[in-house]
Amino acid sequence: ERPFAPSIGVVGQLEFNANRVAELSPKDAAWIMEVRVDVGDDVKAGQGVVVVTAASAGKDRAGLQAADEAIASAQSALTRKLQLSGVVAQREVDEARRDLATAQAERDAAAAALKAQGASTEAVDGGSRLVLSSQLADTVVARDAVVGRNVDAGHVLLQVADVSLLWAQLDVPEEQAAAVLPGQR
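Bear in mind the structure is a predicted one, so any value in this text is a computation, not a measurement.

Colleague: Where do I start with the sheet that holds strand E3 (residues 30-35) in this structure?
Modeller: Sheet strands associate in pairs through backbone hydrogen bonding, adopting either a parallel or an antiparallel arrangement. Spatial strand order, E5-E4-E3-E7: four strands in an open sheet with antiparallel pairing. Single-partner strands in this sheet number two, and they are strand E5 (129-133) and strand E7 (150-151). Judged from the five bridges that link them, strand E4 (residues 48-53) and E5 form a sheet pairing that is antiparallel. In the sheet register, Gly48 faces E5, and the bridge partner there is Ser133.

Here is the structure:
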């Protein structure tokens with residue numbers, strides 16, 4: 001026979017584990033074109049969940065395309081100079097290598113700018129379209145994304161969270177706090 005444990009009445013709320021919550025928002029002003037998930041849907045990490053269009057994405061994609069073209073040009077120049085080795089000064093070959101490295105660094109920077117917006121580096125719809133992806137493989141718990149809405153930078157469109165473990169935030173009276181232990185049921 002097991003005795004009943006004393007109980008106390010408290011006010012509190014359940015919250016998601018703050019270490020397993022992600023909020024999805026555009027990094028610049030955007031127009032929502034498509035919402036691919038809803039509250040309660042399970043998503044995978046990297047899954048495209050909201051499609052927006054943003055002017056900054058077009059600019060960053062144009063920078064990426066220009067960098068790709070600069071890489072092709074620099075690679076071609078280096079190849080020509082290597083084929084003419086012995087005729088072309090080593091200084092010119094070294095300069096061509098530096099030009100190629102600079103072009104590759106500019107491409108990396110343009111790709112990072114797109115990634116920071118949540119976009120892929122693949123060209124899509126003229127460049128201004130972004131497919132925002134979930135950073136976590138969990139459940140959509142909140143949605144404020146509506147097709148056709150213009151949103152400002154940082155506006156939270158979706159919240160994804162791990163619903164398997166919740167935190168209980170309880171307001172326990174001080175005189176009863178000693179009776180409450182971690183993991184207690």
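Further notes follow.
Colleague: Would you mind showing me how to read the side chain of Asp162 here?
Modeller: Looking at the element boundaries, Asp162 is found in the loop between strand E8 (158-161) and strand E9 (166-171). Classification of Asp162 by relative accessible area gives buried; the value is 15%. Side chain to side chain, Asp162 and Ser164 meet in a polar contact 2.6 Å long.

Colleague: Even after reading the chapter, I still don't get a nonpolar patch on the surface, so can you show me in this structure?
Modeller: Taken together, the side chains of Ile8, Val10, Leu170 and Val180 make up a nonpolar region of the molecular surface, amounting to roughly 270 Å² of accessible area. If you trace the backbone, Leu170 turns up in strand E9. A relative accessible area of 46% means that Leu170 is categorised as partly exposed.

Analysis parameters
Residues numbered from 1 in each chain as written. Predicted model: local features only at pLDDT ≥ 70, side-chain atom pairs only at ≥ 80, totals over all residues. Heavy atoms only, no water. Pairing = 2+ DSSP bridges. Helix = DSSP H or I, 4+ residues; strand = E, 2+ residues; numbered from the N terminus. Buried < 20%, exposed > 50% of the residue type's maximum accessible area, 1.4 Å probe, protein only. Polar contact = N/O pair within 3.5 Å; in protein donor to acceptor, adjacent residues only side chain to side chain. Patch = residues over 30% accessible without salt bridge, like charges linked within 9 Å, V, L, I, M, F, W, Y side chains within 5 Å. Areas by Shrake-Rupley, 256 points an atom, 1.4 Å probe, with all protein chains shown as cover. Salt bridge = Lys/Arg side-chain N within 4 Å of Asp/Glu carboxyl O.

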